[in-house]
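Secondary and tertiary structure notes
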Amino acid sequence: MNFIKWIFGFLAAFCLFVIIILSSVELVVFNQTFYSKQYDKNNAVQVLMADKPSLMKVTAHMLDYLRGKEESLNITININGEKRPFFDQREISHMEDVRNLFLIAYKFREIIVVTFFICIVLLALLKYNWKYVTLKSIELFFIIAFLALSAFGLLVSTDFNKYFTIFHELFFKNDLWLLDPATDLLINLLPEPFFISISIYIVVIAVVLIILTIGLSRYLASKSKFKN
């Protein structure tokens, strides 16, 4: 019976970890203030020869599209005094793929949340020391996850472009993500330094949440009535 409890405990911990990772991604990816600061840092206004409010308008529209709140990426902008669509067909096709990834991630998170609560309910039905088992499972799993995430972060930092390419080859079935800075505005709006920064922010937020979860789980487990 104890073995079954630990299985449910670690499954609940895994679900909570996935929720934290996906939520960390969402917090950064859909933060318009982050984009605004990155545009200043990467001189997007000068590179694209467009004003900042217009770039932020494009950003808001793009993020709403990724959330599923906009049906298309049809938006025009003044570039060097000329009004033109911001996204060309190749960029639109790629962003359709990106949008599908986000929508799948939203659905997956919903399933994971439900699975997490099912595990908690099943553990509660097993009664004896279920709180302690759950908390210790979370603590142990998150310690392992923290070490793995730290190692992964160090690995990626050795050659970001290499692992950025691997990521796209894994999640996209085409080469539409390979954009040309000479013709595609999106790659100039979101250059490689932007993706390096967004990756760092996501990892930092996830690590902080993981550490807090480890600390809270350890504290609550120490206060648990049953430990055997």
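What comes next is a walk through the structure.

Conventions used here
Residues numbered from 1 in each chain as written. Predicted model: local features only at pLDDT ≥ 70, side-chain atom pairs only at ≥ 80, totals over all residues. Heavy atoms only, no water. Helix = DSSP H or I, 4+ residues; strand = E, 2+ residues; numbered from the N terminus. Buried < 20%, exposed > 50% of the residue type's maximum accessible area, 1.4 Å probe, protein only. Contact = heavy atoms within 4.5 Å. Areas by Shrake-Rupley, 256 points an atom, 1.4 Å probe, with all protein chains shown as cover. Lys, Arg positive; Asp, Glu negative; His and termini not counted. Charge placed at Lys NZ, Arg CZ, Asp CG, Glu CD. Expected span 1.5 Å × (residues − 1). Polar contact = N/O pair within 3.5 Å; in protein donor to acceptor, adjacent residues only side chain to side chain. Arc of directions from axis to C-beta. Salt bridge = Lys/Arg side-chain N within 4 Å of Asp/Glu carboxyl O. Axes fitted to C-alpha atoms, helices over the stretch in contact; angles between N-to-C directions. Parallel < 35°, antiparallel > 145°, perpendicular 65-115°, else oblique. Nonpolar A, V, L, I, M, F, W, Y, C, P; charged D, E, K, R; others polar. Patch = residues over 30% accessible without salt bridge, like charges linked within 9 Å, V, L, I, M, F, W, Y side chains within 5 Å. Left-handed = near helix turned anticlockwise from the far one by under 90°. Core = buried A, V, L, I, M, F, W, Y, C linked by side-chain atoms within 4.5 Å.

The next subject is the overall build of the protein chain. Counting its secondary structure elements, the protein chain contains nine helices and two strands. Taken from N to C terminus, the helices and strands of the protein chain fall in the order α-α-α-α-β-β-α-α-α-α-α. Along the longest, intermediate and shortest principal axes, the C-alpha atoms of the protein chain span 70 × 35 × 30 Å. Residues counted as buried form 42% of the 228 residues belonging to the protein chain. Long-range pairs, those at least 24 residues apart, make up 77% of the contacts in the protein chain between residues at least 6 apart in sequence. Within the structure as shown, the protein chain displays about 13,000 Å² of accessible surface, and the carbon and sulfur contribution to it stands at 66%. In the protein chain, 22 side chains carry a positive charge and 19 a negative one; their mean positions are 19 Å apart.

What follows concerns helix α5 (residues 89-125). For α5, with 37 residues, the first-to-last C-alpha span of 54 Å sits near the 54 Å given by 1.5 Å per residue. With a side-chain oxygen lying 3.2 Å from the backbone nitrogen of Arg90, the N-terminal cap of α5 falls on Asp88.

For helix α7 (residues 160-171), built from twelve residues, the straight-helix expectation of 16 Å at 1.5 Å per residue is met to within 8% by its first-to-last C-alpha distance of 17 Å. Looking at α7, one finds that the buried residues are Phe160, Tyr163, Phe164 and His168. One side of α7 carries all its buried residues, which in axial view fall inside an arc of 145 degrees. With respect to the buried face of α7, the exposed residues turned more than 90 degrees away are Glu169 and Leu170.

Turning our attention to the pattern of salt bridges. In this structure the tally under the stated criterion is seven salt bridges. Glu26 is paired through a salt bridge with Arg109; the nearest N and O atoms lie 2.8 Å apart. One end of the pair, Glu26, is in helix α1 (residues 2-29); the other, Arg109, is in helix α5, and 83 residues separate them in sequence. Note that Lys136 is salt-bridged to Glu139, the shortest N-O span being 2.9 Å.

So, on to the environment of Phe172. Secondary-structure assignment places Phe172 in the loop between α7 and α8 (185-189). Spatially, the C-alpha atoms of Phe172 and Ala148 are 24 Å apart, while their sequence positions differ by 24 residues. Beyond its immediate sequence surroundings of up to four residues, Phe172 is in contact with His94, Asp97, Val98, Leu101, Phe167 and Trp177.

Turning to the packing of α7 against helix α9 (residues 192-223), a few remarks are in order. Running from N to C, α7 and α9 cross one another at 85 degrees; their axes reach a closest spacing of 11 Å. By the angle between their axes, α7 is roughly perpendicular relative to α9. Note on element contacts: α9 touches α7 through Glu192, Phe195, Ile196 and Ser199, opposite Phe160, Asn161 and Phe164. Of the residues belonging to the contact of α7 with α9, the class tally is four nonpolar, two polar and one charged.

What follows concerns a nonpolar patch on the surface. A cluster of nonpolar side chains, contributed by Val114, Ile118, Val121, Leu122 and Leu125, occupies part of the molecular surface with about 440 Å² of accessible area. Mapping Leu125 onto the fold places it in helix α5.

Our next topic: the packing of α1 against α5. For the pair α1 and α5, the least separation of the axes is 9 Å and the interaxial angle reads 150 degrees. One way to sum up the angle between α1 and α5 is to call them roughly antiparallel. Of the two possible hands of crossing, α1 and α5 adopt the one that is left-handed. Residues belonging to the contact of α1 with α5 are distributed by class as follows: 22 nonpolar, three polar and three charged.

Moving on, we come to the nonpolar core. Residues Tyr35, Phe86, Phe87 and Met95 are the most contacted members of the largest nonpolar core, which totals 37 residues. Among the elements that take part in this core, helix α4 (residues 52-67) stands out by supplying seven residues, more than any other. If we skip the residues at most four places from it in the chain, Phe86 touches Leu48, Val58, Ile75, Thr76, Ile77, Glu91, Leu185, Leu186 and Leu189. Within the second largest apolar cluster, 21 residues are counted, among which are Cys15, Val18, Phe141 and Ile210.

Moving on, we get to the side chain of Ser137. Secondary-structure assignment places Ser137 in helix α6 (residues 130-158). At a separation of 2.6 Å, a polar atom in the side chain of Ser137 contacts the main-chain carbonyl oxygen of Val133. Beyond its immediate sequence surroundings of up to four residues, Ser137 is in contact with Trp6, Gly9, Phe10 and Ala13.

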